Amino acid sequence: MPTGAGSSPTFPALGIGMDSCVIPLRHGGLSLVQTTDFFYPLVEDPYMMGRIACANVLSDLYAMGITECDNMLMLLSVSQSMSEEEREKVTPLMVKGFRDAAEEGGTAVTGGQTVVNPWIIIGGVATVVCQPNEFIMPDSAVVGDVLVLTKPLGTQVAVNAHQWLDNPERWNKVKMVVSREEVELAYQEAMFNMATLNRTAAGLMHTFNAHAATDITGFGILGHSQNLAKQQRNEVSFVIHNLPIIAKMAAVSKASGRFGLLQGTSAETSGGLLICLPREQAARFCSEIKSSKYGEGHQAWIVGIVEKGNRTARIIDKPRVIEVLPRGATAAAVAPDSSNASSEPSS
């Protein structure tokens, strides 16, 4: 594991390669934890786009078990192809969404940078100064641990399928396995999930003695699992058996011939935390996170195990696809049928 100058077992350091950098400070046993991220819009609602961007930045802190953020900066690029009227309507909504999500996370945006660019870009920087007991280094998984995921997969598939509703060539490839209503529901579910903070999961990592975690974003569940496995101090490997996927998105991925959702390579945006938990704690974690005291919408599934190995991660040949029904959908509206997901069983 990369270590910073002057780091020691008491003051761990983490450099390039994981979710956040952890830099031991010169003062009083404190560490600076910092992360940055930005991307292009992927939903139509500028306010929700702002919220998603902020949730995505904060998620890198939450993956370290950190629940507090001292400061945020916002990075915003406004497209030069937008009219003045479009800029004046869209930009304040994106800023408001970002700020509201920061406030929900108990922090504030104190500055940043705005530029004009060919494309809209939104993102930011999150910074916190921590004591050693406030963060969980992502390196302590042991044989017998269980892997838990806190948001369903399929966000990229859902937002693309939603765009295809207006693209007959693309829509024709998937319309046999999914209805317009199902795509609309999946898109709304994806948007809601992406805008949900992973803060509750971060807090529960401490309660249930998590050994390591990462968040699932651009490299998909397999890429991030492999990255996390490489960081482990013990000789372990991760094996994923279950894939919780927004209902019908496995079928869309397969029919379209794109994404690689069932192979774990489909990119996610502001995805859930993948957490290594002691076997005896995993079911309790999943039950606790769904408690109404944390508000609506938190979910978790046991998706795999930690076994002895050479710091790799893999998905079994025929993973069990867990079809996660969108909120607002009835079971009948998105019922698995003969055109469903894959040869893998669903539940």
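Every chain's residues receive numbers from 1 upward, in the order its sequence appears when written. With pLDDT at 70 or above as the cut-off, local features in this predicted model cover only qualifying residues; side-chain atom pairs require 80 or more to be listed or tallied, and sums for whole chains, interfaces and linings still use all residues. Excluding hydrogens and water, the side-chain values take into account all heavy atoms of the structure.

The next point concerns the sheet that holds strand 3 (residues 71–79). Spatially, the five strands line up as an open sheet ordered 1-2-5-3-4, and their pairing is mixed. One side of each edge strand has no neighbouring strand; the edge strands of this open sheet are strand 1 (21–24) and strand 4 (109–117). If you compare each strand with its neighbour and ignore which way they point, the axes differ by 15 degrees on average. In the sheet, strand 3 pairs with strand 5 (residues 121–130) via seven bridges, with the strands oriented antiparallel. Across the sheet, the residue bridging to Leu75 is Gly123, located in strand 5. In what follows, a contact means two residues having at least one pair of non-hydrogen atoms within 4.5 Å. Note on geometry: axes are lines fitted to C-alpha atoms, helical ones only across the stretch in contact, with angles between N-to-C directions running from 0 to 180 degrees. Each helix is a run of H or I in the DSSP string that is no shorter than four residues. Each strand is a run of E no shorter than two, and both are numbered from the N terminus. Docked against the sheet, helix 1 (residues 46–62) engages strand 2 (31–39), strand 3 and strand 5, running at close to 145 degrees with respect to strand 2. Packing of helix 2 (residues 84–104) onto the sheet brings it into contact with strand 3, strand 4 and strand 5, and relative to strand 3 it is tilted by some 160 degrees. Here, a strand pair is defined by DSSP locating no fewer than two bridges between the strands.

Looking now at unusual backbone geometry. Unlike most non-glycine residues, Ser270 shows phi in positive territory, near 45 degrees. Note that Ser270 resides in the loop between helix 8 (249–256) and strand 9 (273–277). We note that Arg311 has phi near 60 degrees; this positive angle belongs to a residue other than glycine. Position of Arg311 relative to the elements: it lies in the loop between strand 10 (301–308) and strand 11 (313–324). On the accessibility criterion, Arg311 (28% relative accessible area) is partly exposed. Exposed residues in this analysis have more than 50% of their type's maximum accessible area, buried residues have under 20%, and partly exposed residues fall in between, with area computed by a 1.4 Å probe over protein chains only.

Here we take up the environment of Thr91. Topologically, Thr91 is positioned in helix 2. Spatially, the C-alpha atom of Thr91 lies 9.4 Å from that of Gly50, the residues being 41 residues apart in sequence. Only 2.8 Å separates the side chain of Thr91 from the backbone oxygen of Arg87, close enough to count as a polar contact. Polar contacts, as counted here, are pairs of nitrogen or oxygen atoms within 3.5 Å of one another; within protein the pair requires one atom able to donate a hydrogen and one able to accept it, and residues that are adjacent in sequence qualify only if both atoms are side-chain atoms.

This part is about the side chain of His162. Mapped onto the elements of the fold, His162 is located in helix 3 (residues 155–164). By relative accessible area, His162 is classed as buried at 8%. Excluding anything up to four places from it in sequence, His162 contacts Glu44, Val183, Glu184 and Tyr187.

Once that is clear, we can look at the sheet that holds strand 10. Strand order in the open sheet formed by six strands is 7-9-6-10-8-11, and the pairing between neighbours is mixed. Strands at the two margins of the open sheet, each flanked by one partner only, are strand 7 (212–215) and strand 11. The mean inter-strand angle of the sheet, taken between neighbouring strand axes irrespective of direction, is 20 degrees. As paired strands, strand 8 (residues 236–246) and strand 11 are joined by eight bridges and run parallel to one another. When the sheet's bridge partners are listed, Asn242 is paired in strand 11 with Arg320. Lying on the sheet, helix 7 (residues 220–230) is in contact with strand 6 (146–149), strand 7, strand 8, strand 9 and strand 11; it crosses strand 11 at an angle near 135 degrees.

What follows is about the confidence of the model for the protein chain. Predicted confidence across the protein chain gives a mean pLDDT of 91, with 90% of residues reaching 70 or more. Scored between 0 and 100, pLDDT is the confidence that the predictor attaches to each residue. Between residues 1–9, whose pLDDT stays under 50, and residues either more than four places distant or in other chains, the model counts 13 contacts.

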